[in-house]
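# Chains, contacts and geometry: an overview
Given next are the chains, with one letter for each unit.
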Amino acid sequence: MSGHSKWSTIKRKKGAKDAQRGKLFTKLIREIITAARAGGGDVNGNNRLRAAVTAARDANMPSANIDRAIKRGTGELEGTTYDEVNYEGYGPGGVALFIDTLTDNRNRTVSEVRHILSKNGGSLGEAGCVAWMFDLRGVITLDAADLDEESAMELVLGAGAEDFSMDDGNCLVYTGPAEVATVREALEADGAKVIAAEQSWIPKNTVEVDAKVAEQTLRLLEALEDQDDVQRVSSNFDISEEVLRSLGE
């Protein structure tokens, strides 16, 4: 099981806790503001904004909060401007890390990201040190309880997706990064149950790690995502079924 799949599952399990702390809403609002600033406030004409608004609705964010965030992004309301900054580095065992942030203070963010990495057995690298290992793609996770390989293929191709894989009771659907919202809507129109939809940096190749490194890496990923400015963390680690059982997940 790749690190992306495993970590995405853990994030969904801890999502309610994040929402209680306000962290999830903070991250979603920043994404809406940035998407509206970059492509305008028309949800139908801005795919990134449409995906961000859909994710906010999935998290039960009030419509008023969503509308205010859009207006802050378009300049109709005053608000903070966030810069998109990516950081690259290494985790325990040398696994690659690609970290997306939205920040209003680059110095604060890089300092905190560096501290989290060093505290958890990782290190910050130079720009470009691991980016070549990843491709940005859209990933839509479906409940595969009623899907087999053949029915999943028919559903996915009919929705205009690029590829899919079956993993741990879910179907992972891959699209171009700008097509997440469009493909999601097509899948839902055909009766699919969408669990999550996001852009993610998918590793071209993965590195299998032992139980100790897997546990350290998952702890590091959680610490990074608990940092307010961090929107998304991607890694190329892979966990075998035997290691998963040893971790008790």
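Here we summarise the structure given alongside this text. (Residues numbered from 1 in each chain as written. Predicted model: local features only at pLDDT ≥ 70, side-chain atom pairs only at ≥ 80, totals over all residues. Heavy atoms only, no water.)

### Description of the packing of aromatic side chains
In total, this model carries two aromatic pairs according to the counting rule given. With a centroid separation of 6.3 Å and an interplanar angle of 50°, the aromatic rings of Phe 98 and Phe 134 are classed as tilted. On the criterion of sequence distance, the pair formed by Phe 98 in strand β2 (residues 96-103) and Phe 134 in strand β4 (residues 134-143) is long-range, its members being 36 residues apart. By relative accessible area, Phe 98 is classed as buried at 4%. (Phe/Tyr/Trp six-rings, centres within 6.5 Å; stacked < 30°, edge-to-face > 60°. Helix = DSSP H or I, 4+ residues; strand = E, 2+ residues; numbered from the N terminus. Buried < 20%, exposed > 50% of the residue type's maximum accessible area, 1.4 Å probe, protein only.)

### With respect to the sheet that holds strand β3 (residues 123-124)
Sheet strands line up and pair through hydrogen bonds in the backbone, either parallel or antiparallel. Taken in spatial order, the four strands line up as β3-β1-β2-β9 in an open sheet, and their pairing is antiparallel. If you trace the sheet from one side to the other, it starts and ends with β3 and β9 (230-235), each paired once. Pairing of β2 with β9, which is carried by five bridges, proceeds in the antiparallel orientation. For Phe 98, the partnering residue across the bridge sits in β9 and is Ser 234. (Pairing = 2+ DSSP bridges.)

### Some remarks on the pattern of salt bridges
Taken as a whole and assessed by the stated rule, the structure comprises 14 salt bridges. Where Asp 100 meets Arg 232, a salt bridge forms, and the shortest distance between an N and an O atom there is 2.7 Å. Taken together, the residues Asp 100 in strand β2 and Arg 232 in strand β9 connect sequence positions 132 residues apart. For the salt bridge of Glu 162 with Arg 137, the shortest nitrogen-to-oxygen distance reads 3.2 Å. Of the two residues, Glu 162 is situated in the loop between α7 (149-158) and β5 (163-167) and Arg 137 in strand β4; the sequence distance between them amounts to 25 residues. Look at the salt bridges and you will find they share partners, linking Arg 30, Asp 104, Arg 108 and Asp 229 into a network. (Salt bridge = Lys/Arg side-chain N within 4 Å of Asp/Glu carboxyl O.)

### A short note on the sheet that holds β5
Strand order in this open sheet of four strands is β5-β6-β4-β7, and the pairing throughout is antiparallel. What marks the edges here is a single partner per strand, and that holds for β5 and β7 (194-203). Across the sheet, the mean angle from the axis of one strand to that of its neighbour is 25°, orientation sign disregarded. Lying on the sheet, α7 is in contact with β4, β5 and β6 (170-175); it crosses β5 at an angle near 145°. (Axes fitted to C-alpha atoms, helices over the stretch in contact; angles between N-to-C directions. Contact = heavy atoms within 4.5 Å.)

### Focus: helix α9 (residues 211-225)
Given 3.6 residues per helical turn, the α-helix brings residues three or four places apart onto the same face. For α9, spanning 15 residues, the distance from its first C-alpha to its last is 21 Å, which sits close to the expected 21 Å at 1.5 Å a residue. Listing the buried residues of α9 in full gives Val 213, Ala 214, Thr 217, Leu 218, Leu 220, Leu 221, Leu 224 and Glu 225. The buried residues of α9 all sit within an arc of 160° when viewed along its axis, so they share a single face. Where α9 begins, the side chain of Asp 210 points an oxygen toward the backbone nitrogen of Lys 212, at a separation of 3.2 Å. (Expected span 1.5 Å × (residues − 1). Arc of directions from axis to C-beta. Polar contact = N/O pair within 3.5 Å; in protein donor to acceptor, adjacent residues only side chain to side chain.)

### Observations regarding the side chain of Glu 88
Among the secondary structure elements, Glu 88 is positioned in strand β1 (residues 83-90). Buried charge Glu 88 goes without a salt bridge, the closest partner of opposite sign being Lys 204 at 11 Å. (Lys, Arg positive; Asp, Glu negative; His and termini not counted.)

### Focus: the environment of Glu 198
Mapped onto the elements, Glu 198 comes out in strand β7. Separated by 14 residues in sequence, Glu 198 and Arg 184 place their C-alpha atoms 10.0 Å apart.

### Remarks on the environment of Glu 225
Among the secondary structure elements, Glu 225 is positioned in helix α9. With relative accessibility at 11%, the residue Glu 225 sits in the buried group. Each C-alpha atom, one on Glu 225 and one on Ile 99, is 9.2 Å from the other, the two residues being 126 residues apart in sequence.

### Thoughts on the pairing of β5
Within a regular strand, the side chains alternate between the two sheet faces. For β5 and β6, the ladder comprises five bridges, and the chain directions are antiparallel. What sits directly across from Phe 164, in β6, is Val 173. Between β5 and β6, which follow one another and run antiparallel, lie two residues, and Asp 168 among them has a positive phi close to 55°.

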